[in-house]
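As a plain string of letters, each chain reads:
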Amino acid sequence: MNYKSHLVFYFFLSSVIVSILCFYSGITHNILISLVVGGVYSLLPDCDSRNSKINKYSNRILLASLFVLLLLYIYIKDDNIIYVCMVLTLFLFFLQVVKHRGFLHSVTAMLVFTVPLLFVSLETAFFGMVGYGSHLLLDKI
Ligand SMILES: [Zn+2]
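Residues numbered from 1 in each chain as written. Predicted model: local features only at pLDDT ≥ 70, side-chain atom pairs only at ≥ 80, totals over all residues.

Peer 1: Give a description of the overall build of the chain that names residues and reports values.
Peer 2: A count of helices and strands for the chain gives 6 helices and 0 strands. Starting at the N terminus and walking to the C terminus, you meet the elements of the chain as α-α-α-α-α-α. Taken along the three principal axes of its C-alpha coordinates, the chain extends 50 × 35 × 25 Å. Considering the chain as a whole, with its 141 residues, one finds that 21% of them fall into the buried category. For the chain, the proportion of contacts with a sequence separation of at least 24, taken over those separated by at least 6, is 67%. (Helix = DSSP H or I, 4+ residues; strand = E, 2+ residues; numbered from the N terminus. Buried ≥ 20, exposed ≤ 12 C-beta atoms within 10 Å, placed from the backbone. Contact = placed C-beta atoms within 7 Å.)

Put into structure tokens, the structure is as follows:
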């Protein structure tokens, strides 16, 4: 499947879920952010494919983030910035050696990537999981 198929399937699923949420409980103000995060998460498993759309951008975004964080460290001197840089660097190396449809296409990876979204909100984590899960489901078909 290409990235357009994954995005269309994710937005179909999320529109059904948002419709149900609107009917029963209403939606909150950060639903739009959650939907966008879910859209990114619907593409995230294909970071391990050299030909995927998200792979082209993920390496650049990770390198740019490392550069900005290291510049930030020069001014702020907060050790947490170095820890984040170490995690990003490890992830960057991981992306270079991981096999396509390996770890990133597993339920474990879905949990590893969506649990940190709980620090943003439960809603964001939920739509992140819907996005990631929809990708896994569509790849199985
Ligand atoms: Zn895939």
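Peer 1: Just give me the short version of the domain arrangement of the chain, but keep the residues and values in it.
Peer 2: Here the domain parsing of the chain yields domain 1 (1–49 + 100–141) and domain 2 (51–98). Contacts between domain 1 and domain 2 engage 10 residues on the former and 8 residues on the latter. Per-class residue counts for the side of domain 1 that touches domain 2 are 6 nonpolar, 2 polar and 2 charged. (Domains from an automatic or database assignment. Nonpolar A, V, L, I, M, F, W, Y, C, P; charged D, E, K, R; others polar.)

Peer 1: Account for the environment of leucine 43, with residues named and values stated.
Peer 2: Examined against the element boundaries, leucine 43 turns out to sit in the loop between helix 2 (31–41) and helix 3 (53–76). Considered as a pair, leucine 43 and lysine 53 are 10 residues apart in the sequence and their alpha carbons are 8.4 Å apart. Contacts of leucine 43, omitting those with residues within four sequence positions, involve Tyr3, His6, Lys53 and Ile54.

Peer 1: I'd like to hear about the packing of helix 5 (residues 107–114) against helix 6 (residues 122–140), residue by residue, with values.
Peer 2: When two helices pack together, their arrangement is captured by the angle between the axes and the distance separating the axes. Contact pair helix 5 / helix 6: the axes reach a minimum separation of 10 Å and the direction vectors enclose 155 degrees. One element, helix 5, and the other, helix 6, form an angle in the roughly antiparallel class. Considering only the axes of helix 5 and helix 6, their crossing is right-handed. Here Met110, Phe113 and Thr114 of helix 5 come into contact with helix 6, specifically with Ala125, Gly128, Met129, Tyr132, Gly133 and Leu136. Across the contact of helix 5 with helix 6, the residue classes break down as 6 nonpolar, 3 polar and no charged. (Axes fitted to C-alpha atoms, helices over the stretch in contact; angles between N-to-C directions. Parallel < 35°, antiparallel > 145°, perpendicular 65-115°, else oblique. Left-handed = near helix turned anticlockwise from the far one by under 90°.)

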